[in-house]
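Each chain is listed here by its residues.
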Amino acid sequence: MSVSAAYVLHGIVSSSPSFFLSQITGARATPGINVAKGVPSGLPGARFIYNMNQVPEFSVDVPQIKTVLDNCGTGILDLGGGNTDYFLKHTVNRASRVADATNTHIRLRANKAVMIPQQLTASDGQPASMSVRLVNMFDGSTAPIVASASALSGTPSHAENFTLGPVSINSTALNGVQSVSVDFGVGTVERRGDGELYLSHLFERETLPVIRIQTLSAPWATYGINGTALTGLSLWLRKCAETSRVADATEEHILLSGTAGFFHVEETSGGGNEPVVTTITVHLAMPDATTRAM
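Calculation notes
- Residues numbered from 1 in each chain as written.
- Predicted model: local features only at pLDDT ≥ 70, side-chain atom pairs only at ≥ 80, totals over all residues.
- Heavy atoms only, no water.
- Pairing = 2+ DSSP bridges.
- Helix = DSSP H or I, 4+ residues; strand = E, 2+ residues; numbered from the N terminus.
- Contact = heavy atoms within 4.5 Å.
- Axes fitted to C-alpha atoms, helices over the stretch in contact; angles between N-to-C directions.
- Salt bridge = Lys/Arg side-chain N within 4 Å of Asp/Glu carboxyl O.
- Buried < 20%, exposed > 50% of the residue type's maximum accessible area, 1.4 Å probe, protein only.

Colleague: So what exactly am I meant to see when it comes to the sheet that holds strand S13 (residues 162-169) here?
Modeller: Within a beta sheet, neighbouring strands are joined by backbone hydrogen bonds and run either parallel or antiparallel to one another. Strands sit in the order S14-S13-S20-S21 across an open sheet of four strands; the sheet is antiparallel. The sheet is open, and its two edges are formed by strand S14 (172-173) and strand S21 (254-258), each paired on a single side. Judged from the five bridges that link them, strand S20 (residues 233-239) and S21 form a sheet pairing that is antiparallel. Residue pairing across strands places Leu-235 opposite Leu-256, the latter belonging to S21. Lying on the sheet, helix H1 (residues 65-72) is in contact with S13, S20 and S21; it crosses S21 at an angle near 45°.

Colleague: It is not clear to me how the pattern of salt bridges should be interpreted in this structure. Could you clarify?
Modeller: Think of it this way: side chains of opposite charge can pair up when their charged atoms draw near. By the definition in use, this model includes ten salt bridges. A salt bridge links Glu-57 to Arg-133, with the shortest nitrogen-to-oxygen separation between them at 3.1 Å. One end of the pair, Glu-57, is in strand S6 (residues 57-62); the other, Arg-133, is in strand S11 (residues 129-136), with 76 residues separating them in the sequence. For the salt bridge of Glu-252 with Lys-239, the shortest nitrogen-to-oxygen distance reads 3.2 Å.

Colleague: What is the right way to read the side chain of Thr-279 from this model?
Modeller: Note on placement: Thr-279 falls in strand S23 (residues 277-284). On the basis of relative accessible area, Thr-279 is assigned to the buried category, the value being 6%. Excluding residues within four positions of it along the chain, Thr-279 makes contact with Arg-212, Ile-213, Gln-214, His-264, Val-265, Glu-266 and Glu-267.

Laid out in structure tokens, this is it:
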């Protein structure tokens, strides 16, 4: 039997707030079904299998770090003011793509989504990327995801391109930064009740950001073996231009910062005649009762 249809990813369109994630390098849409199996006494197999509950969600990796941070910040973003659409684009056998306005593409629509930042990674000589999770919840009447044939909306572009930038800790720039990873540490409480199939309540339990920085320095004498109080962190992502980098003084780069917490040397590793690399771990804290840690 031959292949009758195939699809490629188009992107995710949010209507409230309004943005389009089209620079997606990896994506996953799942109904999140948790299957229960009823095995009667004395039998080796199930006699009844059913959907116990589910958490429908989308997860994506995107270089559109500015778009995500401008809308989401470092915590939960409520997208429930409008629809969030995950589009799959219909391809044409022996050609390319079906026209955007044609109603043969696939739309997965959520009307009560929440976006949660997961991780940001940047390495020297590589594009920076960010991963986010979109949890699709129940509004009491409409399923969290409704699938349908649809025309596409949103025009794909690739305007946001960032890479690793400098990092300073307690006002001192680190030497030879090789990579950074930011775990936003957003922990959530997700609840259903009254025998509901879907989630109907989600809130931020805590947000405990952790940053790991790999550097060519070996600052054991500076930081000691017991760790140091953090008074300032500046982590930059440089914006890429077509032939170089956007000038340092241009306000198009991305800065992540914190003013309280704790940092320490996690390890120094190497081998042979390769330069050793030291990993510094930073745990960010809230500087006061109302300001987020990052």
